[in-house]
Amino acid sequence: MSDMELQRKYILYLYKKVLFPYCGLSAGVRLRFVHSLQPGDRLLVYPVGGILDVIRRPRSVATLAEVVKNESRGHYSALQLKGISRVRIEKRRMITNGYYREIEESSVAQNDTVCDLLRKKAQELIFLINVDESDKLIHLLNFISDLHQLTDFVANYFVMQYERRYSLLNETDVIKRAHDLLSALDELIDEVQQRHKKETV
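Below is a summary of the structure that appears in this document. All residue numbers refer to position in the chain's written sequence, counted from 1. Only residues with pLDDT of at least 70 get local features here, since the model is predicted, and only at 80 or more are side-chain atom pairs given and counted; chain-wide, interface and lining totals rely on the full set of residues. Water and hydrogen atoms were dropped before computing side-chain values, which therefore reflect all heavy atoms in the structure.

## Focus: empty space enclosed by the protein
Only protein atoms enter the 1 Å grid, on which a cavity is a set of points fitting a 1.4 Å probe that cannot get out and a pocket is an open set with protein on both sides within 12 Å along at least 5 of 7 lines, lining residues being those with an atom within 4 Å of a point. Grid points are joined across faces, edges and corners, and a volume is the space filled by probe spheres set on the points. One pass over the structure, following the stated rule, counts 1 cavity of 30 Å³ or more. Of the voids in this model, the largest cavity is the one considered here, and its volume is about 80 Å³. Forming the walls of the largest cavity are P21, R86, I103, E104, E105, H148, D152, T172 and R177. Considering only residue class, the lining of the largest cavity consists of 2 nonpolar, 2 polar and 5 charged. In this classification, the charged set is Asp, Glu, Lys and Arg, the nonpolar set is Ala, Val, Leu, Ile, Met, Phe, Trp, Tyr, Cys and Pro, and all remaining amino acids, among them Gly, are polar.

Dropping the structure here:
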């Protein structure tokens, strides 16, 4: 695939922050090109755990994102971003520009079954942690019927560990991603239950 066939956008490297498709993210950035971004502009959001990640990962998965809001104060920009889709960066130019192609979302035969499993596990975790937004989260979980959207929504709200979030973003097979997420939810549920037991002793 030639450069002419690929799309090109700025790359925004975020330290240990993962933006999933269909989800939002706020980030404070001090970069010249970010200062000029306007709502509706699009760029590639690329999570990194360290400086070496910038150069070590060929053909990396990133998130195509849209700028929702950009409040600039001097050289500092407070960005609000909305994830659109997974993309694969095929080539980079001067680090800050990426030539990419979108990763197509495959259709899933057992969509309903896997979605139901994810909802049940996520709701079980919600009941255990009982946060202020519990009712809202349960409503949103019931509203989302697409497995691609559901896996990204659950990963965004319930998986906090960077390495696991990064792994879920990079898993382009949605069935594998769903099962990885179910394992992560099982571990989180067990951790919360163990913590509750210690608190009641």
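## Considerations on the nonpolar core
By nonpolar core is meant a set of buried Ala, Val, Leu, Ile, Met, Phe, Trp, Tyr and Cys residues that side-chain atoms within 4.5 Å join together. Relative accessibility decides the category of a residue: with a 1.4 Å probe and only protein chains considered, values under 20% of the type maximum give buried, values over 50% give exposed, and everything between is partly exposed. Among the nonpolar cores identified, the biggest contains 36 residues, and L118, L147, V154 and F158 are the most heavily contacted of them. Those elements that place two or more of their residues in this core are α3 (111-129), α4 (134-143), α5 (147-158), α6 (162-170) and α7 (174-200). Looking at this core element by element, the count peaks at 9 residues for α7. Every residue in contact with L147, bar those within four places of it in the chain, is listed here: V108, N111, V114, C115, L118, V174, I175 and A178. Counting residues in hydrophobic clusters, the runner-up holds 15 residues, among them L19, V34, L79 and L81. Only DSSP runs of H or I covering at least 4 residues are called helices, and only runs of E covering at least 2 are called strands; the numbering of each starts at the N terminus. The contact criterion used is simple: two residues touch if any of their non-hydrogen atoms lie within 4.5 Å.

## Here's the deal with the pairing of strand β1 (residues 7-15)
Two strands qualify as a pair provided that DSSP identifies no fewer than 2 bridges between them. With 4 bridges joining them, β1 and strand β6 (residues 97-102) adopt antiparallel strand pairing. Paired with K9 across the bridge in β6 is G98. The sheet contact formed by β1 and strand β3 (residues 42-48) spans 5 bridges and is parallel. Pairing of Y13 across the sheet is with Y46, part of β3.

## Observations concerning the environment of A62
Mapped onto the elements, A62 comes out in strand β4 (residues 61-73). Ignoring anything within four residues of it in the chain, the contact list for A62 reads V45, Y46, S85, R86, V87 and I89.

## Details of the packing of aromatic side chains
Between rings of Phe, Tyr and Trp, where Trp is taken as its six-membered ring, a pair exists when centres lie within 6.5 Å; planes separated by under 30 degrees are stacked, by over 60 edge-to-face, and by other angles tilted. As enumerated under the stated definition, the model contains 3 aromatic pairs in all. Relative to Y166, the ring of Y162 has its centre 6.0 Å away and its plane inclined at 35°; by these criteria the two rings are tilted. You can see Y162 and its partner Y166 sitting in helix α6, 4 residues apart, about one turn around the helix. With a relative accessible area of 11%, Y162 lands in the buried category. By relative accessible area, which is 14% here, Y166 ends up buried.

## Points about a nonpolar patch on the surface
Residues I51, L52, I55 and I95 make up a contiguous nonpolar surface patch of about 410 Å² in total accessible area. Topologically, I95 is positioned in the loop between β5 (76-93) and β6. The class for I95 is partly exposed, based on a relative accessible area of 37%. What goes into a patch is any residue over 30% in relative accessible area without a salt bridge, connected to like charges within 9 Å or, for nonpolar side chains (Val, Leu, Ile, Met, Phe, Trp, Tyr), within 5 Å. Per-residue accessibility takes into account occlusion by the displayed protein chains alone, with areas from the Shrake-Rupley method and a 1.4 Å probe. Each salt bridge in this description consists of a side-chain nitrogen of Lys or Arg and a carboxyl oxygen of Asp or Glu lying within 4 Å of one another.

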